[in-house]
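Structural overview for review
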Amino acid sequence: MKPSFISLDWGTSSLRAVLVSEEGAVIEARSAAGGVMSVKDRQFEASLHAICSDWIENFGCPIVASGMIGSRQGWVEAPYLDCPATPATAARALTTLQISNRVDMHIIPGLRCGSKTTMYDLMRGEETQIWGADVAPDSVCVLPGTHSKWAFVDEQSRITRFATYMTGELYGLLTKHGILGRLMEFGGSDKEAFVRGAKLGLAQLAQATHVIFAARTAGLTGEVPPAGLPDYLSGILIGVEVASALAAEKVSAERPINVIGDDDLSSRYEAALQLAGLRSVRARDGATIQGHVRVAREAGIVACGSA
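This text gives an overview of the structure that appears in the document. (Residues numbered from 1 in each chain as written. Predicted model: local features only at pLDDT ≥ 70, side-chain atom pairs only at ≥ 80, totals over all residues. Heavy atoms only, no water.)

1. Topic: a nonpolar patch on the surface
- On the surface, Tyr80, Tyr120 and Leu122 cluster together into a nonpolar patch covering about 240 Å² of accessible area.
- Position of leucine 122 among the secondary structure elements: in strand β9 (residues 120-123). (Patch = residues over 30% accessible without salt bridge, like charges linked within 9 Å, V, L, I, M, F, W, Y side chains within 5 Å. Areas by Shrake-Rupley, 256 points an atom, 1.4 Å probe, with all protein chains shown as cover. Salt bridge = Lys/Arg side-chain N within 4 Å of Asp/Glu carboxyl O. Helix = DSSP H or I, 4+ residues; strand = E, 2+ residues; numbered from the N terminus.)

Printed below as a string of structure tokens:
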């Protein structure tokens, strides 16, 4: 297979590089713990060369990147694109820089929705996953993560709006830096505890900060064993998120919700959605790469009939 471009998914904590063929297939994939926040003294080019300098030298093909690499803390800030947005509008708003006087790197812009009178919401990287997941028109997508997203795609397959929930970050802060983590034993898995927590979170949205304390009282009273408390808290937080999104967006139960992301987290969200009476469908693997392919086609970076 002949290489067409290098796909970079460069986030906060990790870097994933994929050599993509003219047909849009994966030739080779590599990953490193070289996320944006771990790059010292802004040595982004050195981090890039550490993972794929041979591809750059041997093939000289362009690079398409998305994620936090285009943030204010990244290599260069790629301005946000206002919703509604499509791969075509993103392709017209790429931020391009040259690497080693040899190849161009094209950074896909993040998206913005909302207004000053309400609040703005922002995403970087998830938009590419949604476009690559090839979801049906008029769909709702959930992208679990540190800052999970609920995104809405209209009849014309445009991302029209989205909402961010800091569920993953809250979990990390509460377990690592708060009193809730003092009673917890980590490393195991307790699906029953997760379901109990999710039911509580779904039912007690209006009492969210009160309900979170249940992850301590349940441990002190022996209702949930120490090894089950991490999953119990995870269930509470995800349940609160799902209930909040359903209340704010009035999501219909008529169509399944697209879940896009990591297997373990996606499974948790699927379970919570089922408890809320909603159907879900898992997005195909490699959504980020295929999103890069779509934007690269629209931008003319690769031939429309090739990648």
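2. Quick notes on the nonpolar core
- Residues Leu111, Ile130, Trp131, Cys141, Ile159, Phe162 and Ile260 are the most contacted members of the largest nonpolar core, which totals 33 residues.
- Taken together, the elements giving at least two residues each to this core come down to β2 (15-21), α2 (87-91), β8 (111-114), α3 (126-133), β10 (139-143), β11 (148-153), β12 (159-165) and α10 (287-299).
- By residue number, the principal contributor to this core is α10, which donates five residues.
- The residues contacting leucine 111, other than those within four sequence positions of it, are Tyr80, Leu81, Cys83, Ala85, Asp121, Leu122, Met123, Glu127, Trp131, Ile159 and Phe162.
- Listed in part, the 25 residues of the second largest apolar core include Leu15, Ala65, Ala78 and Ile107. (Core = buried A, V, L, I, M, F, W, Y, C linked by side-chain atoms within 4.5 Å. Buried < 20%, exposed > 50% of the residue type's maximum accessible area, 1.4 Å probe, protein only. Contact = heavy atoms within 4.5 Å.)

3. Thoughts on the packing of aromatic side chains
- Counting across every chain of the model gives three aromatic pairs.
- Where tryptophan 10 meets phenylalanine 44, the ring centres are 6.1 Å apart and the plane angle is 75°; that geometry is what we call edge-to-face. Note that tryptophan 10 is positioned in strand β1 (residues 3-10) and phenylalanine 44 in helix α1 (residues 44-59), a separation of 34 residues in sequence. We note that tryptophan 10, like phenylalanine 44, is buried. (Phe/Tyr/Trp six-rings, centres within 6.5 Å; stacked < 30°, edge-to-face > 60°.)

This is a description of form; function is not addressed.
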